[in-house]
Amino acid sequence: MTPEYWDEAKTFLSKKDKVLARIIAGYEGEMMMKKGDAFYTLARAIVGQQISVKAADSVWAKFSKQAGKVTPKNILAASEKDLRACGLSGQKVAYMHSLATHFTQEKAKVKRWPKMDDDELLADITSIKGIGTWTAEMFMIFHLGRSDIFPIKDLGLQKAMFRHYHKSEKVLLGQLSARAEAWRPYRSVATWYLWRSLDPVPVEY
């Protein structure tokens, strides 16, 4: 499902930023699709931590096959050896088990996530072992479809902004954040298109 604000965001960003206008025009008809399952989305984000999109896709394919269906029950039932064989590090296996345990034991809290504001939600998700700010931000963008998330620590976002705004020269992250202020309240959409400008296929988590 595409976020209901997508077309409005495209128009807003195209008027605000000439670089984004060019990028958005280059991917006409493409848009982000929200993920429907919270556990699946967070598990996918954990797999993608600190590795390239291509590597994450490879690990995820093996992981999904091993799990059969990506559910808390199936992850808790899998052995560490089997999960490591998919390409997950020992640390990521521990994170997967922590996530599965949380979804099993804290169902009521998880159901409240859609009603929390961005700051409250970020704090609550990152309280889960293994879920850092980046992973929480991916969840907020791709599962809940929050419109104004700016994951400044994401290497792909940094690379895209360096390329399009600074002739591939690295600058302080504060400068990137300052530029992104003009994109509120649609920084998530700007981020998606900047990711899209680097990859041959749409980014998903």
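Asker: For this particular structure, what's the right way to read unusual backbone geometry?
Answerer: Glycine aside, negative phi is the norm for most residues, and most peptide bonds take the trans geometry. Going from Arg184 to Pro185, the amide bond is cis rather than trans, its omega being 5°. By secondary structure assignment, the location of Pro185 is in the loop between α12 (173-180) and α13 (187-196). Phi is positive for Lys167, close to 50°, though the residue is something other than glycine. Within the element layout of this structure, Lys167 appears in the loop between α11 (155-166) and α12. The phi dihedral of Ser168 falls on the positive side, at around 70°, and the residue is not glycine. Mapped onto the elements of the fold, Ser168 is located in the loop between α11 and α12.

Asker: I keep staring at the side chain of Ser98 and nothing clicks. Help me out?
Answerer: Structurally, the position occupied by Ser98 is in helix α7 (residues 90-105). On the accessibility criterion, Ser98 (19% relative accessible area) is buried. Sequence-distant contacts of Ser98, defined by excluding residues within four places in its chain, comprise Ile128 and Lys129.

Asker: Whenever I open this one, helix α4 (residues 53-67) confuses me. Can you help?
Answerer: In an α-helix, one turn spans 3.6 residues; hence positions three or four apart end up facing the same way. In this model, α4 (15 residues) spans 20 Å end to end at C-alpha, consistent with the 21 Å of a helix rising 1.5 Å per residue. Looking only at α4, the buried set comprises Ala56, Val59, Trp60, Phe63 and Ala67. Along α4, the residues classed as buried sweep out an arc of 105° about the axis, all on the same side. Exposed and oriented more than 90 degrees from the buried face of α4 are Lys54 and Lys65. Buried residues along α4 sit against α3 (38-48), α5 (72-77), α6 (80-85) and α7.

Asker: For this particular structure, what's the right way to read helix α10 (residues 133-142)?
Answerer: Across the 10 residues of α10, nine count as buried, placing the element largely inside the fold. For α10, every residue scored as buried is listed here: Trp134, Thr135, Ala136, Glu137, Met138, Phe139, Met140, Ile141 and Phe142. Looking at the buried residues of α10, the elements they touch are α3, α9 (118-125) and α13.

Asker: Would you mind going over the confidence of the model for the protein chain with me for this structure?
Answerer: Low pLDDT means the predicted atomic positions in that stretch should not be read closely. Summarising the model, the protein chain shows a mean pLDDT of 92, and 99% of its residues fall at 70 or more. The secondary structure element of the protein chain with the lowest average pLDDT is helix α8 (residues 107-112), at 87, and the one with the highest is α12, at 98.

What counts, and where the lines are drawn
- Residues numbered from 1 in each chain as written.
- Predicted model: local features only at pLDDT ≥ 70, side-chain atom pairs only at ≥ 80, totals over all residues.
- Heavy atoms only, no water.
- Helix = DSSP H or I, 4+ residues; strand = E, 2+ residues; numbered from the N terminus.
- Buried < 20%, exposed > 50% of the residue type's maximum accessible area, 1.4 Å probe, protein only.
- Contact = heavy atoms within 4.5 Å.
- Expected span 1.5 Å × (residues − 1).
- Arc of directions from axis to C-beta.
- pLDDT = per-residue confidence, 0-100.

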